[in-house]
Amino acid sequence: MANIYSRIAGTGSYLPPNRLTNQDLVRQLAERGIETSNQWIVERTGIHARHFAAPEVTASELGVQAALKALEAAGVPASDIDLIICATSTPDMVFPSTACLIQQKLGVGGQAAFDVQAVCSGFIYGVAVADAMIRTGAVRRALVIGAEVFSRLLDFNDRTTCVLFGDGAGAVVLEASDQPGIVASCLHADGRQSGILCAPGTVSGGSVLGDPTVKMDGRGVFKLAVTVLEQVACEVLQVAGRDASCIDWLIPHQANLRIMHSTARKLNLSDDKMIVTVGEHGNTSAASIPLALDHAIRNGQIQRGQTLLLEGVGGGFTWGAVLVDY
Ligand code: ACO
């Protein structure tokens, strides 16, 4: 029997309309007595602006917009999807899953739907799981979404984190194919590092227990991120039996331009082979990679036939990579 692979049939993304520049944020934070500057944010992170969802807008609402665009690009109706995976750390509710709520908003039912919680690596985890299920023949078409309203988790009195994040969603339709597609994927986690990046709150007895806003050891995250992003890039290339010269585009998690440049340098890739949207989107956690992917496909940077290395890293601590012949 011929091998089954999965290929990207279509992509989509969505940003809420409210765009805040660094200057806007600096002004708002100054009103609270929090001092920061456009220069600090740009020099340390490469971020110039981010989008924030209105207070009543949820992750599933951003996710469904991205999903509809991905379905349209793939030329596939939602009823032809066999599996819906949503990667998010900012779900609409404790349950049901954001994937089920997106399914409801798409007006379909019956197919499997569940969330993946791997913070900023969530989209990579979702793609790897969907790819594995397509390869076994269990499903033929999967919708993988990264959707976040990370602004909800921010402590606007903590300047070390609140300037970094934004809201948005991205999605891909994966479908079975006799050609790759997804060439290889690698996933990792180290729960021993859970404390360096977390939102350590929960719900108990109808109240919030602990503090559910983002806490981050910035330097610790930085050091670990540059190490594991290099390691997992080398690993996924080794699994595929290729070297870094095959990569047309590096699409790393869009958290910090300095981490991204360091990863490209370690792979001997020039900066112009890297898709960069962090400047306009900030860190949108699980949405950042599909947002960057869709952006670069729609603006013509990424072309069919090219090879893409997608890499995620985030809380957990989690990390992973997917090598794609697009
Ligand atoms: N404005 C002005 N000054 C600030 C700000 C701010 N927004 N934030 C911190 N500072 C100050 C600090 O107080 C400190 O001042 P001090 O020297 O007087 O104590 C100084 O800037 C330097 O602080 P550091 O934390 O050492 O700054 P660093 O150069 O490490 O940059 C940063 C901080 C940007 C957070 C960096 O550590 C980083 O990018 N880490 C990785 C973060 C990341 O990528 N997170 C997401 C990945 S995973 C995920 O996406 C969930």
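All of these numbers come straight from a predicted model, not from anything done at the bench.

(A) Focus on unusual backbone geometry. Cis peptide bonds are those with omega within 30 degrees of zero, and the linkage from Phe 95 to Pro 96 qualifies with 0°. The residue Pro 96 is located in the loop between strand S4 (83–87) and helix H4 (98–106) in this model. Backbone torsion omega between Pro 180 and Gly 181 reads 10°, so that peptide bond is classified as cis. Looking at the secondary structure, you find Gly 181 in the loop between strand S7 (167–177) and strand S8 (182–189). At Val 119, a position not held by glycine, the phi torsion is positive, near 50°. Relative to the elements of secondary structure, Val 119 occurs in the loop between strand S5 (112–116) and helix H5 (122–135). By relative accessible area, which is 19% here, Val 119 ends up buried. Here the phi dihedral of Ser 285 falls at roughly 55°; this positive angle occurs in a residue that is not glycine. For Ser 285, the position within the fold is in the loop between helix H9 (278–281) and helix H10 (288–298).

(B) Looking closely at the site of the ligand. In the neighbourhood of the ligand, 22 residues make up the surrounding shell, with Thr 36, Arg 44, Cys 120, Asn 256 and Asn 283 lying closest. Trp 40 is positioned with one of its side-chain polar atoms (N or O) 3.2 Å from an oxygen atom of the ligand. Protein coverage of the free-state accessible area of the ligand, which is 1000 Å², stands at 76%. Of all the elements in the fold, those that place two or more residues in the shell around the ligand are helix H2 (38–45), helix H6 (159–162), helix H7 (218–240), helix H8 (257–266) and strand S14 (307–314). Counting residues per element, the shell around the ligand draws most heavily on H7, at four residues. Of the residues assigned to the shell around the ligand, the class counts are 10 nonpolar, eight polar and four charged. Residues lining the shell around the ligand come from more than one domain, with at least three contributed by each of domain 1 (5–179) and domain 2 (183–325).

(C) Up close: the domain arrangement of the protein chain. In terms of domains, the protein chain is made up of domain 1 (5–179) and domain 2 (183–325). With centres defined by C-alpha atoms, the gap from domain 1 to domain 2 works out at 14 Å. Taken together, both faces of the contact between domain 1 and domain 2 bury some 3600 Å²; the carbon and sulfur share is 61%. Of all residues in domain 1, the largest losses of buried area upon contact with domain 2 belong to Cys 120, Ile 124 and Tyr 125, amounting jointly to 18% of the total for that side. Where Glu 280 meets Arg 19, a salt bridge forms, and the shortest distance between an N and an O atom there is 2.9 Å. Taken together, the connections running from domain 1 to domain 2 amount to 22 residue pairs in polar contact (both at pLDDT 80 or more). Among the secondary structure elements, those contributing two or more residues to the side of domain 1 that touches domain 2 are strand S1 (5–14), H2, strand S3 (49–51), helix H3 (59–74), H5, strand S6 (141–149), H6 and S7. The element best represented in the side of domain 1 that touches domain 2 is H5, accounting for eight residues. For the side of domain 1 that touches domain 2, a count of residues per class yields 25 nonpolar, 17 polar and 12 charged.

Definitions and limits used
Residues numbered from 1 in each chain as written. Predicted model: local features only at pLDDT ≥ 70, side-chain atom pairs only at ≥ 80, totals over all residues. Heavy atoms only, no water. Helix = DSSP H or I, 4+ residues; strand = E, 2+ residues; numbered from the N terminus. Buried < 20%, exposed > 50% of the residue type's maximum accessible area, 1.4 Å probe, protein only. Near = heavy atom within 4 Å. Polar contact = N/O pair within 3.5 Å; in protein donor to acceptor, adjacent residues only side chain to side chain. Areas by Shrake-Rupley, 256 points an atom, 1.4 Å probe, with all protein chains shown as cover. Nonpolar A, V, L, I, M, F, W, Y, C, P; charged D, E, K, R; others polar. Domains from an automatic or database assignment. Buried area = accessible area lost by both parts, 1.4 Å probe. Salt bridge = Lys/Arg side-chain N within 4 Å of Asp/Glu carboxyl O.

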